[in-house]
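Here is how the chains run, residue by residue.
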Protein chains: 2
Amino acid sequence: MDKITKRSEDYSQWYLDVIAAADLAENSSVRGCMVIKPNGYALWENIQKILDAKFKATGVKNAYFPLFIPKTFLEKEAKHVEGFAKECAVVTHHRLAANNKGGLEPASPLENPLIVRPTSETIIYDAYAKWVESYRDLPLLINQWCNIVRWEMRTRLFLRTTEFLWQEGHTAHAGKKEAEERTKQMIDLYKSFMEEYLALPIISGRKTEAEKFPGADYTTCVEAMMQDGKALQTGTSHMLGQNFARAFKIKFLNEKGKEEYVHQTSWGLSTRLIGALIMVHSDDKGLVLPPKIAPLQLVIIPIWKNDAEKKKVLAKANSIAEKLREISIEVEVDERDERPGVKFFGWEKQGVPIRLEIGPKDIVNKSVVLARRDNGEKTIVKEQKLAAEVKKTLTAIQKNLFNRALDFQQKNTRSIDSWTDFKNSLKEKPGFILAHWCGDSKCEAAIQKETKATIRCIPFEQKKENGKCVFCGKKSTNRVIFAKAY
Amino acid sequence: MDKITKRSEDYSQWYLDVIAAADLAENSSVRGCMVIKPNGYALWENIQKILDAKFKATGVKNAYFPLFIPKTFLEKEAKHVEGFAKECAVVTHHRLAANNKGGLEPASPLENPLIVRPTSETIIYDAYAKWVESYRDLPLLINQWCNIVRWEMRTRLFLRTTEFLWQEGHTAHAGKKEAEERTKQMIDLYKSFMEEYLALPIISGRKTEAEKFPGADYTTCVEAMMQDGKALQTGTSHMLGQNFARAFKIKFLNEKGKEEYVHQTSWGLSTRLIGALIMVHSDDKGLVLPPKIAPLQLVIIPIWKNDAEKKKVLAKANSIAEKLREISIEVEVDERDERPGVKFFGWEKQGVPIRLEIGPKDIVNKSVVLARRDNGEKTIVKEQKLAAEVKKTLTAIQKNLFNRALDFQQKNTRSIDSWTDFKNSLKEKPGFILAHWCGDSKCEAAIQKETKATIRCIPFEQKKENGKCVFCGKKSTNRVIFAKAY
């Protein structure tokens with residue numbers, strides 16, 4: 001039961017096995033919709049808590065907008081509807097009524113069908129048009145945490161599901177510069193959040209025209225490398241310019257009394273991020289979680305042989321738990337009547353960063369055993385130094401996971417300058433390729449067609465460097481990142 | 001602008017005016033769906049934060065289940081589907097495609113239509129059937145925070161909207177007794193939360209057969225009296241018995257290895273509660289908020305006549321704000337260039353419990369003025385005693401709001417024993433009527449038909465008392481609460 005396939009054997013199956021073994025999520029009976037189980041949802045709650053505070057610190061407030069979007073709203077921004085029309089769940093009736101076969105069928109058709117939100121720009125900006133009158137109403141900085149529906153044909157737990165959870169921020173500004181700054185501020189916030197809390201080394205940059213959000217002037221993104229060398233986009237921040245403002249007539253009187261359209265941004269991050277978290281850190285034994293995001297940071301396994309020992313060891317285990325909780329460490333004592341080995345194995349699969357073992361001998365020696373989930377290291381720690389040692393170990397694990405992932409990312413990122421090398425390189429070994437590109441969507445499409453690699457982003461951080469497009473040989477001034485992606 | 005109708009003139013309009021003036025919510029362009037604006041959503045966030053911690057303290061964990069429910073799932077429990085079929089949003093297509101009029105229309109019909117969840121018993125219990133195998137898997141204690149859709153024909157902000165936000169808890173137990181205890185535990189939790197934090201005097205009890213949740217064995221509820229004497233149900237907790245367990249085959253092996261159906265409960269509370277909060281405490285000047293749920297507890301209005309004064313007063317105001325924040329009070333300094341009167345009026349409408357005024361003279365006197373939103377009382381407080389005084393005042397406001405509402409509820413609750421009195425009483429004066437009822441649904445329906453009053457609940461707390469049904473004269477052993485309701 002709960003056998004985990006090795007990464008080297010079948011990476012895709014390994015991913016699903018890790019999710020099952022850690023009891024994070026499962027497919028529901030509704031096509032493409034997942035059930036996020038308590039262990040998985042606890043990760044999302046931690047992500048929400050941290051991010052929400054960070055958003056609010058930049059002046060953002062939360063609100064809630066309707067689940068349904070009138071079809072006519074989507075149609076207002078031509079590129080936007082083009083981007084989403086193919087994957088829309090459409091509500092057409094508002095009642096079920098008995099049919100003559102003894103069952104129920106949709107009844108009371110709607111005059112105007114409603115779309116279940118695939119993203120909320122249009123329904124939110126319909127409201128913004130009413131809210132914004134003067135420059136004094138700006139900037140408008142609003143976020144919502146909600147569910148989203150996109151009818152995906154091929155789904156995969158967390159990574160691509162018909163319904164998912166996310167946050168979407170929507171801001172409106174008086175000036176273009178402020179909107180561009182907010183776009184950058186939020187992608188930077190995502191990057192630092194993911195690096196600091198999720199231990200994910202992130203490359204941030206700008207999407208190409210072909211890859212940008214439908215309706216945006218441009219899109220910025222954060223990308224991470226999975227252990228199979230593929231890229232996963234973990235968040236985006238869009239500079240919407242005045243496209244939606246024109247479509248929805250979001251106008252304000254500036255300080256001189258002149259009417260202008262607002263400049264807008266939108267930015268989002270979803271439960272997909274949990275997929276990245278799993279794929280970057282976990283190993284053949286199961287889930288590995290960075291301490292800063294782990295719902296449970298330390299599990300205590302009391303070890304006993306008889307009832308007398310049990311009583312004594314449990315008392316000690318619980319008193320240790322209390323002390324660690326006092327310094328804000330999330331602890332659980334596993335009191336179940338199971339063999340220690342079964343417990344070790346179970347918590348390992350769930351990715352708890354530290355296991356603390358304590359038995360009768362340890363009590364005599366006034367010490368405990370700490371075992372790290374990330375590298376398997378075991379150390380004997382004197383009880384008196386335990387609190388400090390646990391804190392230090394959690395910090396070390398967090399750092400180690402980040403460094404390990406960064407090392408992997410760097411080792412699997414290579415600069416390539418010839419088209420033959422490019423093609424061979426991707427066949428031989430997955431990873432990120434830094435290559436020159438002329439900026440033409442045609443080259444981008446041709447490269448994708450031949451290699452399945454897409455341009456993940458034009459990284460913000462890179463040195464200017466003259467070169468030639470790896471495909472067509474035309475002039476280029478900087479490298480972009482190519483990779484196969486989830 | 002933002003004029004508030006008097007309660008005595010038009011209570012319904014007053015309610016909508018208070019919401020508009022406090023900027024809590026508005027109707028969206030989608031029929032029946034509201035936009036919860038930042039001021040309103042902040043209330044929901046506070047409700048969520050407090051309740052979520054209370055749920056977790058009883059062992060409940062959060063999870064997330066699909067938005068969509070297959071039609072066939074709803075049909076599995078006959079009474080359940082009967083209760084919800086008339087108000088279901090039905091998804092029938094998963095794409096929009098160009099039609100020959102240059103517009104878009106629903107395309108790619110679904111083989112099996114999906115219902116947007118009107119409540120999640122069926123989709124959750126489909127999962128529970130897979131999760132539960134042995135008595136060791138029980139109790140299963142899960143909650144989800146999500147959006148819900150019920151196609152209401154007459155909607156009203158917060159009170160009745162096509163889409164609303166709520167939490168729904170779903171538990172499964174090995175024994176009937178445990179399930180009954182959980183049903184009671186959660187309704188008690190709702191009551192104490194609403195009384196302590198929202199200052200709402202609550203009457204809890206059991207619903208009649210006619211008013212129970214479709215599919216439950218019985219329903220318990222919490223009810224509050226609004227200022228117009230009408231009742232509002234603010235939460236429910238259902239003993240589901242084994243009805244859904246049988247329909248969804250949720251079986252477990254008990255300790256003796258015998259297969260049994262689980263016993264279940266479900267319990268929920270929604271954004272409707274915000275409607276109650278508004279209607280119980282607010283006045284003709286606008287929103288009134290209990291300090292324990294108010295997103296902003298104290299607002300500082302600095303008063304100045306010239307730039308020199310402004311600088312000095314603002315510095316003082318911000319230093320006071322800092323000190324109050326240190327003792328965990330939510331404070332804002334209103335630094336806008338507006339007349340103090342305009343600011344007073346604005347914050348009053350938003351229901352901030354305490355206004356603190358400070359001007360140049362106050363600085364000299366080392367004092368400030370505190371004004372209470374609930375009763376308008378103003379006091380001069382020495383700066384040195386400020387922190388203690390603010391805490392004391394917040395406690396006093398919280399208490400006063402509860403007592404005021406309780407007093408109103410008690411004054412508008414009367415015991416009535418004759419049918420003529422019953423009819424006249426409701427015509428003369430709204431409120432709650434405590435009357436004997438024989439237990440027959442026919443009497444209940446007849447009373448409702450004639451008076452529009454329904455049985456709100458059979459209260460838990462009451463003395464046994466022999467009497468005669470107020471309608472038919474048959475024997476009765478206890479009184480129930482009749483009222484017109486939202």
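Residues numbered from 1 in each chain as written. Chains lettered and ligands numbered in written order. Predicted model: local features only at pLDDT ≥ 70, side-chain atom pairs only at ≥ 80, totals over all residues. Heavy atoms only, no water.

**Focus on the environment of Ala-388 of chain B**
The topology assignment puts Ala-388 of chain B in helix H12 (residues 386-411). Along the chain, Ala-388 of chain B and Ile-250 of chain B lie 138 residues apart, while their C-alpha atoms are 55 Å from each other. (Helix = DSSP H or I, 4+ residues; strand = E, 2+ residues; numbered from the N terminus.)

**Here's the deal with the pairing of strand S25 (residues 479-483) of chain B**
Residues and elements named next belong to chain B. S25 sits mainly inside the fold: five of its five residues count as buried. Burial of the side chains of S25 extends over both faces: Arg-479, Ile-481 and Ala-483 are buried on one face and Val-480 and Phe-482 on the other. Relative to S25, strand S21 (residues 432-436) is paired through four bridges, and the arrangement is antiparallel. Looking across to S25, one finds that Leu-434 is bridged to Ile-481. Two strands pair when backbone bridges link them, and strand S22 (residues 454-459) and S25 are joined in this way by three bridges, in the antiparallel orientation. Its bridge partner being in S25, Thr-454 is matched across the sheet by Ala-483. (Buried < 20%, exposed > 50% of the residue type's maximum accessible area, 1.4 Å probe, protein only. Pairing = 2+ DSSP bridges.)

**Comments concerning the interface of chain B and chain A**
Quite often, the size of an interface is put as the accessible area lost when its parts meet. Counting from both sides, the interface comprises 62 residues of chain B and, opposite them, 62 residues of chain A. Of the roughly 5,000 Å² buried between chain B and chain A on both sides combined, carbon and sulfur atoms contribute 67%. If you look at where chain B meets chain A, you find two salt bridges. Here Glu-45 of chain A makes a salt bridge to Lys-56 of chain B, at a shortest N to O gap of 2.9 Å. Where chain B packs against chain A, one counts 32 residue pairs in polar contact (both at pLDDT 80 or more). In the side of chain B that touches chain A, the residues fall into 38 nonpolar, nine polar and 15 charged. Strand direction decides the pairing type here: strand S5 (residues 90-98) of chain A and strand S5 (residues 90-98) of chain B, joined by three bridges, are antiparallel. Bridged to His-93 of chain A within S5 of chain B is Val-90 of chain B. (Contact = heavy atoms within 4.5 Å. Buried area = accessible area lost by both parts, 1.4 Å probe. Salt bridge = Lys/Arg side-chain N within 4 Å of Asp/Glu carboxyl O. Polar contact = N/O pair within 3.5 Å; in protein donor to acceptor, adjacent residues only side chain to side chain. Nonpolar A, V, L, I, M, F, W, Y, C, P; charged D, E, K, R; others polar.)

**Describing the domain arrangement of chain A**
All names here are of chain A. Domain boundaries assigned for chain A yield domain 1 (11-281), domain 2 (298-393) and domain 3 (413-483). The C-alpha-based centres of domain 1 and domain 3 are spaced at 28 Å. Taken together, the 20 residues of domain 1 in the interface contact 15 residues of domain 3. Carbon and sulfur atoms supply 66% of the area that domain 1 and domain 3 bury against each other, a total of about 1,400 Å² over both sides. Contact with domain 3 buries surface across domain 1, with Ile-203, Thr-208 and Met-225 losing the most and accounting together for 30% of the total. (Domains from an automatic or database assignment.)

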